[in-house]
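Here's the letter readout for the chains.
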Amino acid sequence: RARGATLTIVTAWELPDPYLDRIELRTHVEDWEDEGRLVIESELTTWRADYPDVPVEIRIVHGRAAEVLLAASRESDLL
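Everything numeric in this text was worked out from a predicted model, so none of it was measured.

Colleague: Which residues make up the overall build of the protein, and what values do they have?
Modeller: From N to C terminus, the protein includes three helices and two strands. Reading the helices (α) and strands (β) of the protein from amino to carboxyl end gives β-α-α-β-α. Relative to its length of 79 residues, the protein is extended, with a C-alpha radius of gyration of 15 Å against a globular reference of 12 Å. Dimensions of the protein along its principal axes, counting C-alpha atoms only, are 45 × 25 × 15 Å. Looking at the protein as a whole, 18% of its 79 residues are labelled buried.

Following this line, the structure appears as structure tokens:
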């Protein structure tokens, strides 16, 4: 809040089986994104109440967690 920044929450998903992962990516990506958003939103309830003036962006990204977070950190001012 003091920095006037947007909080960006990034989470990644990928199935351990490459074949099933490709199928899910083609057929159910919206389901994974919707479910991820619901989980994050439920965890943010208290924080949003305490800091209503902090804008929040939620990103649900397909890929390996380390790679997704590394890519997201490239455009961040603070981690």
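Colleague: Can you break down the environment of Arg48 residue by residue, with the values?
Modeller: One can find Arg48 in helix α2 (residues 29-50). Discounting residues that sit within four places of it in the chain, Arg48 has contacts with Glu41, Val56 and Ile58.

Colleague: I'd like a description of the packing of aromatic side chains, backed by residues and values.
Modeller: Taken as a whole, this structure holds two aromatic pairs when the rule is applied. An angle of 0° between the planes, with centres 4.6 Å apart, marks the rings of Trp13 and Trp32 as stacked. Residue Trp13 is found in strand β1 (residues 7-13), and its partner Trp32 is found in helix α2; the two are separated by 19 residues along the sequence. We classify Trp13 as buried; its relative accessible area is 7%. Taking relative accessible area as the criterion, Trp32 reaches 30% and is therefore assigned partly exposed. On the numbers, 6.0 Å between centres and 15° between planes, the contact of Trp47 with Tyr51 is stacked. By relative accessible area, which is 54% here, Trp47 ends up exposed.

Colleague: How would you explain the pattern of salt bridges if you had to name every residue and give the values?
Modeller: Scanning the entire structure with this criterion turns up five salt bridges. Between Glu41 and Arg48 there is a salt bridge, with its nearest N and O atoms 3.3 Å apart. What makes Glu41 partly exposed here is its relative accessible area of 29%. Owing to a relative accessible area of 33%, Arg48 belongs among the partly exposed residues under this scheme. With a shortest N-O distance of 2.8 Å, Glu57 and Arg59 are connected by a salt bridge. Since its relative accessible area comes to 32%, Glu57 is described here as partly exposed. Among the residues examined, Arg59 registers a relative accessible area of 23% and is labelled partly exposed.

Calculation rules
Residues numbered from 1 in each chain as written. Predicted model: local features only at pLDDT ≥ 70, side-chain atom pairs only at ≥ 80, totals over all residues. Heavy atoms only, no water. Helix = DSSP H or I, 4+ residues; strand = E, 2+ residues; numbered from the N terminus. Rg over C-alpha atoms; globule rule 2.2 N^0.38 Å. Buried < 20%, exposed > 50% of the residue type's maximum accessible area, 1.4 Å probe, protein only. Contact = heavy atoms within 4.5 Å. Phe/Tyr/Trp six-rings, centres within 6.5 Å; stacked < 30°, edge-to-face > 60°. Salt bridge = Lys/Arg side-chain N within 4 Å of Asp/Glu carboxyl O.

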